Amino acid sequence: MPKAYEVIADDIRRSIREGERRPGERLPAETELAERYRRSVPTIQNALRLLSEEGLIDKRHGLGNFVRRPRTLAVRDNRRHQWEKDRARQPLPQRAATGATERETGLDAGDLVFHASYREVKASAELARGFGVPERTVLLERTYRTRCATETAPFSLVTSYLVRDVIAANPALLDQGNEPWPGGTQHQLRTVGIEVERIEERFTARPPTPEEAAELDLPPGTSVILLHKRSYDTEGRVVDITDVTLPGDRTELLFTTTLERW
């Protein structure tokens, strides 16, 4: 038999899903809910905690509980890489018209807020092995955050690495002021004569760190999806290593595989 707090949570959950309570709407105070359901405040608190763990409500200290606003879903599929490669050879107006985030979310460029930050770092042992270069080789570390203008959290946390000497022939690639770069990384590499031929992606999942949970504004109990991506050129050399942390509550991974006919 359901416990009292579960019955209360069911009723509030139904009211949210059926539209009786709108996104952003403040729920009645805990004391008011206790009176309405004829239960104790601790029982109400247990019900609200359950709804918070499901990502249906947000508790704002000093303000109360609010119906959580739905987040924009990003659908990441494995066809994006060929799309990016084809786009890398398009004229500037076409490259500038849209990007991968717009493709994955259905939003327009004007709906997005983008931030990029560059710095030079020395390759750790792990990154050196990945690139096949000596430890402490100078890398260009690039971090990216993109969010919907009406939301506070980014779609993902992205950190990308390039070997500085490989791209230094084009000084524009070292300047974060040139971001967002029309055509993305594949076009950037094309400007120094590099064609990406193969991309490997590895996915894992785990609970978020406190810092990740805060930056991605994750509901309690939500996992993150970790994507480790390596891009190889036509000579088999690793030319880009990217780590992406994706929020599990608003990311969909879609893999389409065309099979050869018998």
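The subject of this paragraph is the overall build of the chain. Within the chain one finds ten helices and ten strands. In the chain, which comprises 262 residues, the share counted as buried stands at 41%. When the accessible area of the chain is evaluated, it comes to approximately 15100 Å², of which 49% is carbon and sulfur surface.

Spatially, the six strands line up as an open sheet ordered β4-β5-β6-β9-β8-β7, and their pairing is antiparallel. Two strands in the sheet have a free side with no partner beyond their single neighbour: β4 (112-122) and β7 (196-206). Strand-to-strand twist in this sheet, taken as the mean axis angle between neighbours without regard to direction, amounts to 15 degrees. Relative to strand β5 (residues 138-148), β4 runs antiparallel, the two sharing eleven bridges. Following the sheet pairing, E120 is matched in β5 by L140.

Within the structure shown, the criterion is met by two aromatic pairs. Between F114 and Y144, the aromatic rings sit 5.9 Å apart at their centres with planes inclined by 35 degrees, giving tilted as the arrangement. With F114 in strand β4 and Y144 in strand β5, this pair connects stretches of sequence that are 30 residues apart. You can call Y144 buried: its relative accessible area is 12%. On the numbers, 5.7 Å between centres and 80 degrees between planes, the contact of F203 with F255 is edge-to-face. With F203 in strand β7 and F255 in the segment after β10 (251-254), the pair connects residues that are 52 residues apart, well separated along the chain. The cationic tip of R60 hangs over the ring face of F66; the distance from NZ or CZ to the ring centre is 4.0 Å.

Each value, and the rule that gives it
Residues numbered from 1 in each chain as written. Predicted model: local features only at pLDDT ≥ 70, side-chain atom pairs only at ≥ 80, totals over all residues. Heavy atoms only, no water. Helix = DSSP H or I, 4+ residues; strand = E, 2+ residues; numbered from the N terminus. Buried < 20%, exposed > 50% of the residue type's maximum accessible area, 1.4 Å probe, protein only. Areas by Shrake-Rupley, 256 points an atom, 1.4 Å probe, with all protein chains shown as cover. Pairing = 2+ DSSP bridges. Axes fitted to C-alpha atoms, helices over the stretch in contact; angles between N-to-C directions. Phe/Tyr/Trp six-rings, centres within 6.5 Å; stacked < 30°, edge-to-face > 60°. Lys NZ or Arg CZ within 6 Å of the ring centre and 35° of its normal.

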